[in-house]
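Single-letter residue listing:
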Amino acid sequence: MHQIIDHLNNSHHILLTSHVRPDGDALGAMISMGLALTSSGKHVTIYNEDEVPKTFRFLPSADTILQHLDSFDAFDTAVVLDCGGLERVGGKASEIGRIPVIINIDHHITNTGFGKYKIVDPSACATSEIVYRLIKQAGITLNRAMAFSIYTGIMTDTGSFRYSNTNREAFAICEEMVGLGVDPNFVASHVSVAYSLSRIKLLNMVLESIEVSDNGKLSIMALTQEMLNKTGSKPEDLGRLINYARQIEDVKVAALIFESRNRCTDLPESKHQFHISLRSDGSVDVAGIAASYGGGGHKSAAGFNVVSSLSEIKAKILNMADSF
Ligand code: 5GP
Ligand code: MN
């Protein structure tokens, strides 16, 4: 931690970034660290491949996160937050990888250990918890804007203090953030805003797609580009969709098969790029399953990418249920 703080103090232009389709923790960690470094006089740029979901635009400084940068050459340091592997930052991973010093700050058990300096702590409830510790250790004064980001990161990554990663620090830090002016009701009401009509129609299609394995222990649901086009929805917040499949009685593992926007044109007609989100009730280690497909995550929330046809990947995932 000292080495990282010393290094950041001596850096001139710092890039902060996180994973594609950023969630509350990715955003909370990027924004709070950005505000802290800026308050200590550092030149900081925050970059994410995907736009900030509408539900998180209430966060102070959310509009400072850039989706496009002409070049990554000017940075001497990159801080990669909440990413189990450098490739999680998306299409610019190799350019970001060429920044002279990479700092890896994360809490995924499957973290690959990339970067010159790292803090990888799977016991942390959120990457935002680790950023909080860094800010404290560096002697930077926390303000209300930073508090909003840290609180939101911890609240969302612990599923509002309900998931198995909810620890004492989650409560202790959030209590301190409330003391700094965070209004829990304000955050909660922004994070769980009302669904638009197009979202409800999408939800209907996704619920319709649910299939359960013969032994009842695994459920799968599919979200295709056709569904998005038909309803005019954006693929924001897959986490909330998969919860419906996870909450089915007796289900131990739920999988959401998400057909990505096809980025490679050389794929045959029947094959698509899919992102698979996995959630478990805690009795099955889905990080292990995801890792065996080249992905990663936490014991009860993980993901991976595959190129396949929809029917092929559905069959493959349904087959996993035999081992639960
Ligand atoms: P989600 O299913 O919401 O995309 O991700 C669930 C968890 O698994 C998150 O903690 C996320 O960071 C991790 N995860 C999802 N996809 C991948 C992947 O392709 N590689 C790795 N290493 N982690 C992933
Ligand atoms: Mn996280």
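Residues numbered from 1 in each chain as written. Chains lettered and ligands numbered in written order. Predicted model: local features only at pLDDT ≥ 70, side-chain atom pairs only at ≥ 80, totals over all residues. Heavy atoms only, no water.

**Some points on the domain arrangement of the chain**
By domain assignment, the chain separates into domain 1 (2-191) and domain 2 (197-323). Distance from the C-alpha centre of domain 1 to the C-alpha centre of domain 2: 26 Å. If you look at the interface, domain 1 gives 14 residues, while domain 2 gives 17 residues. Of the roughly 1000 Å² buried where domain 1 meets domain 2, counting both sides, 39% is carbon and sulfur surface. Linking domain 1 with domain 2 are 1 salt bridge. In this structure, the salt-bridge partner of Lys234 is Glu51, at a minimum N-O distance of 2.8 Å. There are 4 residue pairs in polar contact (both at pLDDT 80 or more) connecting domain 1 and domain 2. (Domains from an automatic or database assignment. Contact = heavy atoms within 4.5 Å. Buried area = accessible area lost by both parts, 1.4 Å probe. Salt bridge = Lys/Arg side-chain N within 4 Å of Asp/Glu carboxyl O. Polar contact = N/O pair within 3.5 Å; in protein donor to acceptor, adjacent residues only side chain to side chain.)

**Some words on the site of ligand 1**
Taken together, 15 residues surround ligand 1, and among them His108, His275, Ser277, Arg279 and Ala302 come closest. Between an oxygen atom of ligand 1 and a side-chain N or O atom of Arg88, the distance comes to 3.2 Å. In the model, an oxygen atom of ligand 1 is placed 2.6 Å from a nitrogen or oxygen of the Ser277 side chain. When isolated, ligand 1 has an accessible area of 500 Å², and the protein chains bury 88% of it. (Near = heavy atom within 4 Å. Areas by Shrake-Rupley, 256 points an atom, 1.4 Å probe, with all protein chains shown as cover.)

**What about the pattern of salt bridges?**
All told, the structure shown has 9 salt bridges when counted by the stated rule. Ionic pairing is found between Lys136 and Glu176, a salt bridge with its closest N-O pair at 2.7 Å. Of the two residues, Lys136 is situated in helix H4 (residues 127-137) and Glu176 in helix H6 (residues 168-179); the sequence distance between them amounts to 40 residues. The partner of Lys230 in a salt bridge is Glu226, with the nearest N and O atoms 3.5 Å apart. Here Glu226 and Lys230 lie together in helix H9 (residues 225-231), a separation of 4 residues that amounts to about one turn. Residue Lys230 is classed as exposed on the basis of its relative accessible area of 60%. Classification of Glu226 by relative accessible area gives exposed; the value is 52%. Ionic contacts of the salt-bridge type, sharing partners, join the residues Glu51, Arg57 and Lys234 into one network. (Helix = DSSP H or I, 4+ residues; strand = E, 2+ residues; numbered from the N terminus. Buried < 20%, exposed > 50% of the residue type's maximum accessible area, 1.4 Å probe, protein only.)

**Topic: the nonpolar core**
Membership of the largest hydrophobic core comes to 52 residues, with the highest contact counts inside it found for Met33, Val79 and Met177. Residue contributions to this core peak at 8 residues, all from helix H2 (residues 24-39). Beyond its immediate sequence surroundings of up to four residues, Met177 is in contact with Tyr132, Leu142, Ala147, Ile150, Tyr151 and Val182. Phe274, Ala290, Ile317 and Phe324 belong to the second-largest nonpolar core, a separate cluster that totals 20 residues. (Core = buried A, V, L, I, M, F, W, Y, C linked by side-chain atoms within 4.5 Å.)

**Points about the coordination of the manganese ion (ligand 2)**
Taken together, Asp25 (OD), Asp82 (OD), His107 (NE2) and Asp157 (OD) make up the full set of protein donors to the manganese ion (ligand 2), lying 2.2 to 2.4 Å away. Taking the relative accessible area as the measure of exposure, Asp25 reaches 0% and is therefore buried. Given the relative accessible area of 2%, His107 is considered buried. (Donors = N, O, S within 2.8 Å, 3.2 Å for Na, K, Ca; no water.)

**Some points on the sheet that holds strand E2 (residues 43-47)**
Strand order in the open sheet formed by 6 strands is E3-E2-E1-E4-E5-E6, and the pairing between neighbours is parallel. Each edge of the open sheet carries a strand with a single partner, namely strand E3 (65-66) and strand E6 (117-120). Pairing geometry for strand E1 (residues 13-18) and strand E4 (residues 77-81), over 5 bridges, is parallel. Counted as the bridge partner of Ser18 is Leu81 from E4. (Pairing = 2+ DSSP bridges.)

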